[in-house]
Amino acid sequence: MARVTVVVATYNRATVLSRTLRTLIAKSLQDWQAVVVGDACSDNTQDVIAALDDKRIQFVNLPERFGEQAGPNSVGMALASTPMSPS
């Protein structure tokens, strides 16, 4: 189980997403997982993530667009394996 889960909602922004995930990979804390939730992406987002070849990154592409971040963020939080901290 990862210490930190990073949830990233995206829609057809593969170039920016690649930079974001490469920055995460380069961080000194390595005990993390990333859940990338595509809002029905139709670009090369999946290929960009696969090219990073990092098992800590999980990609889920939703079949229909929410059109806003709350839906993909909620899906990502539901998939996170990091235990929630008490508030």
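## Focus on the nonpolar core
Okay, step 1: In terms of nonpolar packing, the biggest core is built from 10 residues, these being Val 8, Leu 17, Leu 21, Leu 24, Trp 32, Ala 34, Val 36, Ile 49, Leu 52 and Ile 57.
Okay, step 2: Taken together, the elements giving at least two residues each to this core come down to helix H1 (14-26), strand E2 (32-38) and helix H2 (45-52).

## Brief notes about helix H3 (residues 70-79)
For an α-helix the count is 3.6 residues per turn, leaving residues at separations of three or four pointing the same way.
Okay, step 1: Where H3 is concerned, the buried positions are Gly 71, Pro 72 and Gly 76. For H3, the angular spread of buried residues about the axis comes to 135°, placing them on one side. In H3, the exposed positions that point more than 90 degrees away from the buried face belong to Ser 74 and Ala 78.
Okay, step 2: Elements that come into contact with the buried residues of H3 comprise strand E1 (4-10) and E2.

## Overview of the packing of aromatic side chains
Okay, step 1: Scanning all chains against the criterion turns up 0 aromatic pairs.
Okay, step 2: One residue, Arg 65, lies across the ring of Tyr 11, its end atom 3.6 Å from the ring centre.

## Remarks on the pattern of salt bridges
Okay, step 1: Summed over the entire model, instances satisfying the criterion amount to 2 salt bridges.
Okay, step 2: Asp 39 is paired through a salt bridge with Arg 65; the nearest N and O atoms lie 3.6 Å apart. Here Asp 39, found in the loop between E2 and H2, pairs with Arg 65, found in the loop between strand E3 (57-61) and H3; they are 26 residues apart in sequence, far enough to count as distant.
Okay, step 3: A relative accessible area of 3% means that Asp 39 is categorised as buried.
Okay, step 4: Given a relative accessible area of 44%, Arg 65 falls into the partly exposed group.

## Focus on the sheet that holds E3
Pairing between the strands of a sheet comes from backbone hydrogen bonds, and it takes one of two forms, parallel or antiparallel.
Okay, step 1: Within the open sheet, the 3 strands sit side by side as E1-E2-E3. Their pairing is parallel. Edge positions in the sheet fall to E1 and E3, since each has one partner strand and no second. This sheet shows a mean twist of 15° between the axes of neighbouring strands, independent of strand direction.
Okay, step 2: Relative to E3, E2 runs parallel, the two sharing 5 bridges. From the neighbouring strand, Gly 38 faces E3, where its bridge partner is Asn 61.
Okay, step 3: Where H1 meets the sheet, its contacts fall on E1, E2 and E3, and the angle it forms with E2 comes to roughly 170°.
Okay, step 4: Packing of H2 onto the sheet brings it into contact with E1, E2 and E3, and relative to E3 it is tilted by some 165°.

## Thoughts on the environment of Lys 55
Okay, step 1: Relative to the assigned elements, Lys 55 resides in the loop between H2 and E3.
Okay, step 2: Expressed as a C-alpha distance, the spacing of Lys 55 and Ala 34, which sit 21 residues apart in the sequence, is 9.4 Å.

What counts and how
Residues numbered from 1 in each chain as written. Predicted model: local features only at pLDDT ≥ 70, side-chain atom pairs only at ≥ 80, totals over all residues. Heavy atoms only, no water. Core = buried A, V, L, I, M, F, W, Y, C linked by side-chain atoms within 4.5 Å. Buried < 20%, exposed > 50% of the residue type's maximum accessible area, 1.4 Å probe, protein only. Helix = DSSP H or I, 4+ residues; strand = E, 2+ residues; numbered from the N terminus. Arc of directions from axis to C-beta. Contact = heavy atoms within 4.5 Å. Phe/Tyr/Trp six-rings, centres within 6.5 Å; stacked < 30°, edge-to-face > 60°. Lys NZ or Arg CZ within 6 Å of the ring centre and 35° of its normal. Salt bridge = Lys/Arg side-chain N within 4 Å of Asp/Glu carboxyl O. Pairing = 2+ DSSP bridges. Axes fitted to C-alpha atoms, helices over the stretch in contact; angles between N-to-C directions.

Nothing here speaks to function; it is all geometry.
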